[in-house]
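Residues per chain, in single letters:
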Amino acid sequence: MALPRLVAFSGNTHRPSKTRALVEAIAAAAATRAPLDIRRFDIVDAGPGLGSAWAREALSLPARRVVEAIENADALIVGTPVYKGAYAGLFKHVFDLVDPGALANKPVILAATGGGPRHALVVEHALRPLFGFFGALSLPTAIYACDADFQDGVLADDGVRQRISAAAGELTDILTAERRPVLSFDEVRVATGQAR
Ligand SMILES: Cc1cc2nc3c(=O)[nH]c(=O)nc-3n(C[C@H](O)[C@H](O)[C@H](O)COP(=O)(O)O)c2cc1C
């Protein structure tokens, strides 16, 4: 059976990137819990053909690959840098070009980075409604990290690490539960010792 496809998408426009480091850390935590087919993308991968595309048909090949990977994923980790108190414009532009029905019921971990703690609720006030539009299954634990949480580009804050661990657990619980066989009523009675 094919492994669940997890796409880790980060809205950074340069590398190295704190947002990409956060998204990578979440993906790594998920990978320790379940076998997954993980693909990583950022705005740099999409290239300049993303911003100049005002419609899906105008996307360059690299940008189309990113949009299609998101649509074809079984689950997502999405992260954006906070720009002016919200998600970055090009991050939103990617999702403006995603098919509105493509993410329905798919588990999504929401993440963001900012310069300081002031905009921590961007994950709740900006990202959660966006993925609500898609009918995605946004997981309860969203993750925000700011400059002070990184040391030499690596996440160093214990609180953020704990949230990463919690979110990765929520994601892999769903992905592995989806793969368990659904038992019939009679099978459940036998398995729980209730059958006579
Ligand atoms: C145009 C711009 C706007 C920004 N606006 C905010 C902001 O409103 N709040 C905040 O906390 N940080 C803000 N920042 C800081 C970035 O969110 C922060 O440095 C982020 O971690 C950068 O992520 P990256 O390394 O992935 O690019 C802004 C940075 C830029 C370049």
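Anything mentioned here points back to the structure above.
The shown structure was predicted, so the numbers you read here are calculated from the model rather than taken from an experiment.

1. Brief notes about the site of the ligand
For step 1, the next point in the chain: Of all residues adjacent to the ligand, which total 17 residues, the nearest are Ser17, Thr19, Pro81, Gly114 and Gly115.
For step 2, the next point in the chain: Of all the elements in the fold, those that place two or more residues in the shell around the ligand are helix 1 (18-31), strand 3 (75-83) and strand 5 (107-114).
For step 3, the next point in the chain: Among the residues forming the shell around the ligand, the class breakdown is three nonpolar, 10 polar and four charged.

2. Details of unusual backbone geometry
For step 1, the next point in the chain: A cis amide bond, omega 0°, links arginine 15 with the succeeding residue proline 16.
For step 2, the next point in the chain: With respect to the element layout, proline 16 can be found in the loop between strand 1 (5-10) and helix 1.
For step 3, the next point in the chain: With a phi angle near 55°, lysine 84 is a residue other than glycine that sits in the positive phi range.

3. Focus: the environment of phenylalanine 95
For step 1, the next point in the chain: Here phenylalanine 95 lies in helix 4 (residues 89-96).
For step 2, the next point in the chain: Along the backbone, phenylalanine 95 and histidine 125 are 30 residues apart, and their C-alpha atoms lie at a distance of 16 Å.

4. Some remarks on helix 5 (residues 122-133)
For step 1, the next point in the chain: A rise of 1.5 Å per residue sets the reference length of helix 5, with its 12 residues, at 16 Å; its end C-alpha atoms lie 16 Å apart and thus fit the reference within 8%.
For step 2, the next point in the chain: Elements that come into contact with the buried residues of helix 5 comprise strand 3, strand 4 (86-87), helix 4, strand 5 and strand 7 (143-146).

5. Description of the environment of arginine 128
For step 1, the next point in the chain: For arginine 128, the location among the structural elements is in helix 5.
For step 2, the next point in the chain: Overall, arginine 128 belongs to the partly exposed group, with 16 C-beta atoms counted inside 10 Å.
For step 3, the next point in the chain: Considered as a pair, arginine 128 and serine 138 are 10 residues apart in the sequence and their alpha carbons are 6.8 Å apart.
For step 4, the next point in the chain: Non-local contacts of arginine 128, meaning those with residues more than four positions away in its chain, are made with Leu110, Val123 and Ser138.

6. So, the nonpolar core
For step 1, the next point in the chain: Formed by 56 residues in total, the largest nonpolar core has its most connected members in Ile26, Leu76, Ile77, Ile109, Ala111, Leu127 and Ile143.
For step 2, the next point in the chain: Of all the elements, helix 1 adds the most residues to this core, at seven residues.
For step 3, the next point in the chain: Other than its neighbours up to four places away in sequence, leucine 127 contacts Val78, Tyr87, Leu110, Ala112, Val122 and Ala142.

Conventions we followed
Residues numbered from 1 in each chain as written. Predicted model: local features only at pLDDT ≥ 70, side-chain atom pairs only at ≥ 80, totals over all residues. Near = placed C-beta within 6 Å. Helix = DSSP H or I, 4+ residues; strand = E, 2+ residues; numbered from the N terminus. Nonpolar A, V, L, I, M, F, W, Y, C, P; charged D, E, K, R; others polar. Expected span 1.5 Å × (residues − 1). Contact = placed C-beta atoms within 7 Å. Buried ≥ 20, exposed ≤ 12 C-beta atoms within 10 Å, placed from the backbone. Core = buried A, V, L, I, M, F, W, Y, C linked by C-beta atoms within 7 Å.

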